[in-house]
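Commentary on secondary and tertiary structure
This is what each chain is made of:
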Amino acid sequence: MNKHSRLSSDRWFGHLTGGFAISYLVLLTAMVAALAGHTTPSSIWSVLSRPEVLASLRLTLLASTVATAAALVVAMPVAAWVTRHRRAGLVDTILDLPHVMPPLVLGLSLLVLLQMPPFRALAPWIVYQVPSVFLVQFVVAVSHAVPILRASLARDSGRAEQMAMVMGCTVASAFVRVTVPENRDGLIQAATMAWARCVGTFGPILVLAGATRNKTEVLSTTIYLELTIGDLSSAVATSVVLILLSGLSLATLRLTLR
């Protein structure tokens, strides 16, 4: 291939990839703009001033925050163990299952699990109760935090941790005092993405917790309930609130990492 043909091919490929990128960005922008254009700030305020929606917002924020914090405590050691045992193929498959498992199936699996001994004794306090929201969001948060932390730990050479152990730290102390701070950016990214995913979780919560007003209702199930009664404007307004929460979390992540 001569120089002219190569430049022409490179230019064609650049236009093609740019066209795909711009088309997808336009689609995403149009989707958000369609929702935003279907409501007004006064409609959003009107929806948020309703007691049941305020209750669902409080539960959404509380459950997402608590579940994310608990998930990080579990996800960091899990990611570290899997990263150090690179032959754990079966473990990798199990950890990746929540990403390919349909959300409704995830909720159904938890529901069935709580009907089996010894978990059956806990079912009356979890199924269709507030703790079920925390349980679902914890599972969702861990499943999203582990891959991010694994990628962060894979980039870490581990020399600082080894040096700490040479200087007298135990394995646990070196992990807490060296490895965790060394992967601060990964932790921030994992926390943000897990929290944003928890805020928007719907299918598993609907199966395990239901959508009881002023009890197990979260923002995602508020949208579902508003649609079932034909109140499209309230559903759209609540959807915009969810988008704003997710966008705020992503903007905070970008600023923090900078």
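Notes on the structure in this doc start here.

Reading guide: rules and limits
- Residues numbered from 1 in each chain as written.
- Predicted model: local features only at pLDDT ≥ 70, side-chain atom pairs only at ≥ 80, totals over all residues.
- Heavy atoms only, no water.
- Axes fitted to C-alpha atoms, helices over the stretch in contact; angles between N-to-C directions.
- Helix = DSSP H or I, 4+ residues; strand = E, 2+ residues; numbered from the N terminus.
- Parallel < 35°, antiparallel > 145°, perpendicular 65-115°, else oblique.
- Left-handed = near helix turned anticlockwise from the far one by under 90°.
- Contact = heavy atoms within 4.5 Å.
- Nonpolar A, V, L, I, M, F, W, Y, C, P; charged D, E, K, R; others polar.
- Core = buried A, V, L, I, M, F, W, Y, C linked by side-chain atoms within 4.5 Å.
- Buried < 20%, exposed > 50% of the residue type's maximum accessible area, 1.4 Å probe, protein only.

Observations concerning the packing of helix α7 (residues 130–154) against helix α10 (residues 184–199)
Running from N to C, α7 and α10 point in directions that differ by 150 degrees, and their axes come no closer than 8 Å. As the angle between them shows, α7 and α10 are arranged roughly antiparallel. Of the two possible hands of crossing, α7 and α10 adopt the one that is right-handed. Counted together, Gln137, Val140, Ala141, His144, Ala145, Ile148, Leu149 and Ser152 of α7 and Gly186, Leu187, Gln189, Ala190, Met193, Ala194, Arg197 and Cys198 of α10 form the full contact between these two elements. A class-by-class count of the residues in the contact of α7 with α10 yields 10 nonpolar, 5 polar and 1 charged.

Quick look at the nonpolar core
Counting 19 residues, the largest nonpolar core has Leu72, Met76, Leu149 and Ala190 as its most contacted members. Put simply, the parts of the chain that give this core at least two residues each are α3 (51–84), α7 and α10. The leading source of residues in this core is α7, at 7 residues. Ignoring anything within four residues of it in the chain, the contact list for Leu72 reads Pro77, Ala145, Leu187, Ala190 and Ala191. Counting 17 residues, the second-largest nonpolar core is a separate cluster that includes Ile126, Val127, Val133 and Val140.

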